[in-house]
Amino acid sequence: MAAQARPENVEMVGDGQILKAAALAVALAQGTLPAFLPCELQRHGLVNCDWLFLKSVPHFSAAAPRGNVTSLSLYSNRIHHLHDSDFVHLSSLRRLNLKWNCPPASLSPMHFPCHMTIEPHTFLAVPTLEELNLSYNSITTVPALPSSLVSLSLSRTNILVLDPANLAGLHSLRFLFLDGNCYYKNPCPQALQVAPGALLGLGNLTHLSLKYNNLTAVPRGLPPSLEYLLLSYNHIITLAPEDLANLTALRVLDVGGNCRRCDHARNPCMECPKGFPHLHPDTFSHLSHLEGLVLKDSSLYNLNPRWFHALGNLMVLDLSENFLYDCITKTTAFQGLAQLRRLNLSFNYHKKVSFAHLHLAPSFGSLLSLQQLDMHGIFFRSLSETTLQSLVHLPMLQSLHLQMNFINQAQLSIFGAFPGLRYVDLSDNRISGAMELAAATGEVDGGERVRLPSGDLALGPPGTPSSEGFMPGCKTLNFTLDLSRNNLVTIQPEMFARLSRLQCLLLSRNSISQAVNGSQFMPLTSLQVLDLSHNKLDLYHGRSFTELPRLEALDLSYNSQPFSMQGVGHNLSFVAQLPALRYLSLAHNDIHSRVSQQLCSASLRALDFSGNALSRMLAEGDLYLRFFRGLRSLVRLDLSQNRLHTLLPRTLDNLPKSLRLLRLRDNYLAFFNWSSLVLLPRLEALDLAGNQLKALSNGSLPNGTQLQRLDLSSNSISFVASSFFALATRLRELNLSANALKTVEPSWFGSLAGTLKVLDVTGNPLHCACGAAFVDFLLEVQAAVPGLPGHVKCGSPGQLQGRSIFAQDLRLCLDEALSWDCFGLSLLTVALGLAVPMLHHLCGWDLWYCFHLCLAWLPRRGRRRGADALPYDAFVVFDKAQSAVADWVYNELRVRLEERRGRRALRLCLEERDWLPGKTLFENLWASVYSSRKMLFVLAHTDRVSGLLRASFLLAQQRLLEDRKDVVVLRLTLHLEH
C-alpha cells in the first residue's frame, strides 16, 4: 500500500526534536510523504535544504531515491559539524553547497563566534563529488577532498595558508575560488600566504580567484594551465614580466583595485602610494592569448602602448576608475587592438572638475572590432560631432554609454552617422533641449573647466521596470536612445534630426510639461517604443503622437500632475489614431474625471490602467461605464490599485470580450460575483491578490469558463464552499497563499485536483490537528504544491505554530478541548490554593464564625429533647449601671413583653430578679444563657460596653458553636428619657 512506500526513518532536524516519518505514516492513510523531508526535491536531481535552520545534515530514508540525487544544497543553515557518514548514502552526488552555515564572526550578521569542524573522511566518502562550496564558513584549513573534485570554493573563510599538501591529489580540479579571506570585512592577523609551487600540482586548473586577500605580490609557481587569474583588490602595486611569465595560456587577467583612487571608493580604501603602480612595459608580453584585461581602479594616469603590443587577441579591456581624463584625448595605446570588442573608460574624471568639451584621441579609430564603449562619469558638459569623431567609422560599434557626465548640451543628430549603433545611453545628465549651433562648434580639448562639489559619484538607481506583459523592452530593437533622468522640459523636433532609424526612445524622469500635439517627434518615423513615464505631460490635443505611424508601445505612466489639476480636461482620443499601437500604459496617473468617455483602438492588446481612480469614474453613473469597451482587440488589462470596493456584473459586461488576462490586485474588493465571469468568455487569467475577500462562498466558478490561472493570494479567505473550483475544468494554476485558511479540502476541487499544476497554499495558518485531512490531500497533489516540505506551515495549535505540517508526531497529538479544560482546572486549583491561606490569615476567625452562623440557620435533624421547654424565652442583658437603660427595661420592656394581653406572654430572665443568691456571677450568667431561647442585648451606645455584656456575648458565641443556635438579638436605645 501507499503507507509502505513512505520513508521510514526521516530525521526531522529543528528545535532539538527528532521526528520519524514512520509515526506519520501510521496516521496518514493515503498519499506518500515527500521523500526528502524536511528538504524539497526539485528538478535535475537537486535536493534543496536552503534556509531550514538545520543543525546537522539530514539523513534521508533508505526508501527515498537517494541514488538519483546529484545536487544537495544546504545553503544558510546552522550546521557546525560535518561527520564522516553525512553524505555516504548519496552515491551519485556531484554538487554540494554548504555556503553560509558557520560564518566567521566578522561576517555574521550578529557577529556571533562560530567554528566549523569537518571530520577527515566527510568528503572522501563521496567519490563522485565534482563541485563543493564551503564559502562563508569559519574553517582554517582545507579539508581532505576527493580526487574527482572539479570546482572548489573556499571564499570568505579563515584559511590563510596554502601549501602543496592542502590540495594534493586534486588532479581534476579546474576552478578554485579563495576570495575575501583577508580584507576589511573579514580581518586577519596576516595576509593569505600561498607557498611557492603550492598550486603547481593542479595540472588542470584553469580558473583561480584570489581577490581581497591583502596579497602584495603575484604568487609564485602558478600552474601554466591557468586561463583565468583574478587578483583584484589586493595590494600588488608592482608587476613585472616574471610575475606572469609562465602563464602563457592566460585568457583573462584581473589585477584591478590594487592601487586605488580613493575619492571614488564605496568601501574602506587605502590610497595608492605616490609614484605607483609600477607596471613594467613588458608585463603582459608573454600573454599572447589574453582576451580580457582588467586594470580598473589602479590610479593610472597614462597608458603605455607597449603594454598592449603582444595582446593582439584582447577583446575586453577595463580601464575604469583611473585618472585617464587627459590620456584618452591623445593616447596611441589603442592602435594595435584590432580585436578589442569592449572598452570601459568610466569614471576617469578629474577630481572636482568638469570639462567643457571632450575630444577622443585618433587611436580610437583603430578599434575596428569595438562593439561597446563605456564612457560614463568622465564629466564633460558638451556632446558635439567632434567629441566622437574618432568613433564614427567603427563598423562594429553597437553600444555607447555616456550617462552621468553632466552633459547639458547634446547634439543628438551625430548618432545618425553611426551605421551599426544599437544603443546610446545619455541618462543621468543635464540635457535640457536641442544643442545650439554655437555650442556645437566650440573648442574641444582642454576647454573651460568647472569645479564640482566633492562627494560620492556613483550611478543613480535605475528606473522602475515596467509591468511584465504590459510594456515591452527595447533589447530586441535595432536602435535605442536613453535620455531618461535629464532636465528636459519640452520636446523639439530638431532634437532628433537624422535619427529616423531610431526605434526606442526613453524619456522617463524628466520634467516634460508641454502639451504634445503631434509635432514633437516628427523625425522619428521608425519609432516603435516611447517611454514618457514620470513626467508632467498635458494630454489635451486629440492628435498627440500621431506623427509616429509605427509606434507600438507608449508609456505615459506617472504623469499625474496634469490629471490632478482641478477643472482641466484630458483628451485620450489620440489612442484611436495610432494604428500600430499594441501596448499602452496610463498607470499611476490618478485619472478620475474630465477624460474622454471611451478609449477606442482596433490594435491595442495590453493596457495598464493601474494606480488610477476607476472607482470614482464608475460612481459617475453611466458616464464611464463603457470606458474600455472600444478596445476591441484588448487581451491584457491591469486595473490594480484603483480603489475598487465593488465590481458589478454590468462593469465586467462592458469590458472587451477579447480579454484573456485581468488584474485587479490591491483594491478593496470584499465581494466578487463569480458567476459574472461568463461575461468574459475568453478570460484565462484573473488576479485578485491583495484584496479583502473573506470567503469563497457566493456561488462557484462558472461551468465552461476558460480560466487557467487564478491568483487569490494576500486576501483574508478563511472559508471555501464545497465544489467552488470544480466546474473550472481548465484551471491549472491556483494561488491561495497568504490567506486565513485553516484547512485545504479536496471537496473544493472535485475531479479538478488531479489536473492542477500549481496549488500554492503557503502562508496560511493551517490547523494541524490529529488526523488533519488536508495533509492527506496535499500529499496526493504534492507535485503541484510549491514549498510543501518546508514552507507550508501550521498556524495552530500553539506548539506547532510556524512549523512544517510534517513536524508533528501524530502519536503525541493532543485533544485541544481537553487541553483547555485541564488548563482551566489547573488555574482554578492554583487560585484556590493561594486564596484560602491568605483569607485564613487575614480574617480566619470571622469566616469561621460566619460559617457557624450560616450553619445555625440551616434545618437540623434530631434536635435535643426538651429544647422547646426552656424556662425563659429571653435573657435580657443590659448595663444596670446605666439608670436610664435599667428603668426602660424594667418599666417598659418588661411590662410590654410579660404583661401584654391577647398573646402568650414571654418569660424574661432578669439579673436582679431571677439570679439565685449564693451562686457566683459566672454560674448565674452561664445558667441564664443556656436556659433562654434568645439573648436580648439592650445598649444605649456601642463605644463603651461593660464586662458583663462582653462575657454574655462570648457565651452566646460558644452556644452558637456547640448547639448551632443563633440566640443573639440586639436592641440599640440611643435616646432614653428619664
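Residues numbered from 1 in each chain as written. Predicted model: local features only at pLDDT ≥ 70, side-chain atom pairs only at ≥ 80, totals over all residues. Heavy atoms only, no water.

### Quick notes on the overall build of the protein chain
Moving on, step 1. Across its full length, the protein chain carries twelve helices and 48 strands.
Moving on, step 2. Every one of the 978 residues in the protein chain was classed for burial, and the buried ones make up 50%.
Moving on, step 3. Nonlocal contacts in the protein chain, meaning residues at least 24 apart in sequence, comprise 67% of its contacts between residues at least 6 apart.
Moving on, step 4. By element, 54% of the accessible surface of the protein chain is carried by carbon and sulfur atoms, the whole surface being about 44800 Å². (Helix = DSSP H or I, 4+ residues; strand = E, 2+ residues; numbered from the N terminus. Buried < 20%, exposed > 50% of the residue type's maximum accessible area, 1.4 Å probe, protein only. Contact = heavy atoms within 4.5 Å. Areas by Shrake-Rupley, 256 points an atom, 1.4 Å probe, with all protein chains shown as cover.)

### Notes on a nonpolar patch on the surface
Moving on, step 1. A surface patch of nonpolar side chains, about 380 Å² in accessible area, is lined by Trp820, Phe823 and Leu827.
Moving on, step 2. For tryptophan 820, the location among the structural elements is in helix α8 (residues 816-857).
Moving on, step 3. On the accessibility criterion, tryptophan 820 (57% relative accessible area) is exposed. (Patch = residues over 30% accessible without salt bridge, like charges linked within 9 Å, V, L, I, M, F, W, Y side chains within 5 Å. Salt bridge = Lys/Arg side-chain N within 4 Å of Asp/Glu carboxyl O.)

### Comments concerning helix α9 (residues 883-898)
Moving on, step 1. When the terminal C-alpha atoms of α9 are compared, their 21 Å separation across 16 residues agrees well with the 22 Å that a helix rising 1.5 Å per residue should span.
Moving on, step 2. Of all the residues in α9, the buried ones are Ala884, Val885, Ala886, Trp888, Val889, Leu893, Leu897 and Glu898. (Expected span 1.5 Å × (residues − 1).)

### Regarding unusual backbone geometry
Moving on, step 1. Following leucine 37, the chain continues to proline 38 via a peptide bond in cis, the omega torsion being 0°.
Moving on, step 2. On the secondary structure map, proline 38 appears in the loop between α1 (21-27) and β1 (40-41).
Moving on, step 3. The omega angle of the peptide bond from phenylalanine 276 to proline 277 is 10°, so this bond is cis rather than trans.
Moving on, step 4. Looking at where proline 277 falls in the secondary structure, it is placed in the loop between β15 (252-254) and β16 (278-279).
Moving on, step 5. Residue aspartate 666 is not a glycine yet carries a positive backbone phi of 55°.
Moving on, step 6. In this fold, aspartate 666 is placed in the loop between β36 (661-663) and β37 (685-687).
Moving on, step 7. By relative accessible area, aspartate 666 is classed as partly exposed at 38%.

### A few points about the nonpolar core
Moving on, step 1. Within the largest apolar cluster, 219 residues are counted, with the highest numbers of intra-cluster contacts made by Phe87, Phe415, Phe545, Trp674 and Phe725.
Moving on, step 2. Listing elements by their share of this core, those giving two or more residues are α4 (614-618) and α6 (773-780).
Moving on, step 3. Among the elements that take part in this core, α6 stands out by supplying five residues, more than any other.
Moving on, step 4. When residues no more than four places from it in sequence are discounted, the contact partners of phenylalanine 415 are Leu383, Leu388, Leu400, Leu402, Leu421, Val424, Leu426, Phe479 and Leu499.
Moving on, step 5. Core analysis: the next-biggest nonpolar cluster, separate from the first, contains 15 residues, Phe875, Leu925, Met935 and Ala956 among them. (Core = buried A, V, L, I, M, F, W, Y, C linked by side-chain atoms within 4.5 Å.)

### Some words on a positive patch on the surface
Moving on, step 1. Positive charge collects at one region of the surface, where Arg582, Arg605, Arg660 and Arg682 lie side by side.
Moving on, step 2. Relative to the assigned elements, arginine 605 resides in the loop between β32 (600-601) and β33 (606-608). (Lys, Arg positive; Asp, Glu negative; His and termini not counted. Charge placed at Lys NZ, Arg CZ, Asp CG, Glu CD.)

### Here we look at the state of the cysteines
Moving on, step 1. Tallying each qualifying case throughout the model produces seven disulfides.
Moving on, step 2. Residue pairing for cysteine 262: its cysteine sulfur links by disulfide to cysteine 269, the two sulfurs lying 1.9 Å apart. With the S-S dihedral at roughly -75°, the linkage between cysteine 262 and cysteine 269 falls on the left-handed side.
Moving on, step 3. Taking the relative accessible area as the measure of exposure, cysteine 269 reaches 29% and is therefore partly exposed.
Moving on, step 4. Two residues, cysteine 474 and cysteine 504, share a disulfide whose sulfurs are 1.9 Å apart. Residues cysteine 474 and cysteine 504 share a disulfide whose torsion about the S-S bond is about 50°; that sign makes it right-handed. Taken together, the residues span a long stretch of sequence, with cysteine 474 in the loop between β26 (449-451) and β27 (480-482) and cysteine 504 in strand β28 (residues 504-506) at a distance of 30 residues. You'll find cysteine 474 and cysteine 504 in the same group, each marked buried. (Disulfide = S-S within 2.5 Å.)

### As for the environment of leucine 507
Moving on, step 1. Examined against the element boundaries, leucine 507 turns out to sit in the loop between β28 and β29 (529-531).
Moving on, step 2. Along the primary structure leucine 507 and aspartate 555 are separated by 48 residues, whereas in three dimensions their C-alpha atoms are 9.8 Å apart.
Moving on, step 3. Each residue touching leucine 507, except ones within four places of it in the same chain, is listed here: Leu483, Ser484, Leu488, Ile491, Ile512, Phe521, Leu530, Asp531, Leu532, Ser533 and Asn535.

### Some words on the environment of serine 92
Moving on, step 1. You can see serine 92 is positioned in the loop between β4 (81-82) and β5 (95-97).
Moving on, step 2. According to the relative accessible area criterion, serine 92 is partly exposed, its value standing at 26%.
Moving on, step 3. When residues no more than four places from it in sequence are discounted, the contact partners of serine 92 are Gly67, Val69, Thr70 and Thr128.
Moving on, step 4. Among the polar contacts made by the side chain of serine 92, one reaches the main-chain carbonyl oxygen of glycine 67 at a distance of 2.7 Å. (Polar contact = N/O pair within 3.5 Å; in protein donor to acceptor, adjacent residues only side chain to side chain.)

### Description of the pairing of strand β47 (residues 932-939)
Moving on, step 1. Along β47, six of the eight residues are buried, which leaves the element largely enclosed by surrounding structure.
Moving on, step 2. Of the pairings in the sheet, the one linking strand β45 (residues 872-877) to β47 comprises five bridges and is parallel in character. Considered in β47, the bridge of tyrosine 872 is made with serine 932. (Pairing = 2+ DSSP bridges.)

### Some remarks on the environment of leucine 910
Moving on, step 1. Topologically, leucine 910 is positioned in the loop between β46 (908-909) and α10 (911-914).
Moving on, step 2. Expressed as a C-alpha distance, the spacing of leucine 910 and serine 928, which sit 18 residues apart in the sequence, is 8.7 Å.
Moving on, step 3. Excluding anything up to four places from it in sequence, leucine 910 contacts Val876, Val889, Tyr890, Arg894 and Trp915.

### A look at the pattern of salt bridges
Moving on, step 1. Per the stated rule, a full pass over the model turns up 21 salt bridges.
Moving on, step 2. Note that arginine 643 is salt-bridged to aspartate 590, the shortest N-O span being 2.9 Å. Of the two residues, arginine 643 sits in the loop between β35 (636-638) and α5 (649-653) while aspartate 590 sits in the loop between β31 (583-585) and β32, which places them 53 residues apart along the sequence.
Moving on, step 3. With a relative accessible area of 24%, aspartate 590 lands in the partly exposed category.
Moving on, step 4. Of the charged contacts, one joins arginine 896 and glutamate 892 as a salt bridge, the two residues approaching to 3.2 Å between their closest N and O atoms. Separated by four residues within a single helix, arginine 896 and glutamate 892 lie in helix α9, roughly one turn from each other.
Moving on, step 5. Under the relative-accessibility criterion, glutamate 892 is labelled partly exposed at 29%.

### A word on the confidence of the model for the protein chain
Moving on, step 1. Taken residue by residue, the protein chain gives an average pLDDT of 86. The fraction at 70 or more is 88%.
Moving on, step 2. The low-confidence segment residues 437-466 (pLDDT under 50) makes 56 contacts with residues lying over four places distant or belonging to another chain.
Moving on, step 3. Segment residues 861-867 is flagged for pLDDT under 50; beyond a separation of four residues in sequence, or across chains, it makes two contacts in the model. (pLDDT = per-residue confidence, 0-100.)

### Structural notes on the side chain of serine 298
Moving on, step 1. Along the polypeptide, serine 298 turns up in the loop between β17 (292-294) and β18 (316-318).
Moving on, step 2. A polar contact of 3.0 Å, which involves the side chain of serine 298, links it to the backbone oxygen of lysine 296.
Moving on, step 3. Those residues in contact with serine 298, other than ones at most four positions away along the chain, are Val255, Gly256, Gly257, Cys259, Pro277, Glu321 and Asn322.

### So, the packing of aromatic side chains
Moving on, step 1. Counted according to the given criterion, the structure contains 32 aromatic pairs.
Moving on, step 2. Pairing tyrosine 183 with tyrosine 212 gives two aromatic rings, centres 5.2 Å apart and planes at 55°, and the pair type is tilted. In this pair, tyrosine 183 is assigned in the loop between β10 (175-177) and β11 (193-194) and tyrosine 212 in the loop between β12 (207-209) and β13 (228-230), connecting sequence segments 29 residues apart.
Moving on, step 3. Tyrosine 183 sits in the buried class, given a relative accessible area of 11%.
Moving on, step 4. A connected cluster of aromatic rings, assembled from ring pairs, spans Phe672, Trp674, Phe724, Phe725, Trp748, Phe749 and Phe777.
Moving on, step 5. One residue, arginine 261, lies across the ring of tyrosine 349, its end atom 4.1 Å from the ring centre. (Phe/Tyr/Trp six-rings, centres within 6.5 Å; stacked < 30°, edge-to-face > 60°. Lys NZ or Arg CZ within 6 Å of the ring centre and 35° of its normal.)

### Quick look at the side chain of aspartate 254
Moving on, step 1. As for its position among the elements, aspartate 254 is in strand β15.
Moving on, step 2. For aspartate 254, which is buried and forms no salt bridge, the nearest opposite charge comes from lysine 211, at a distance of 5.4 Å.
Moving on, step 3. Excluding anything up to four places from it in sequence, aspartate 254 contacts Leu229, Leu230, Leu231, Ser232 and Val294.

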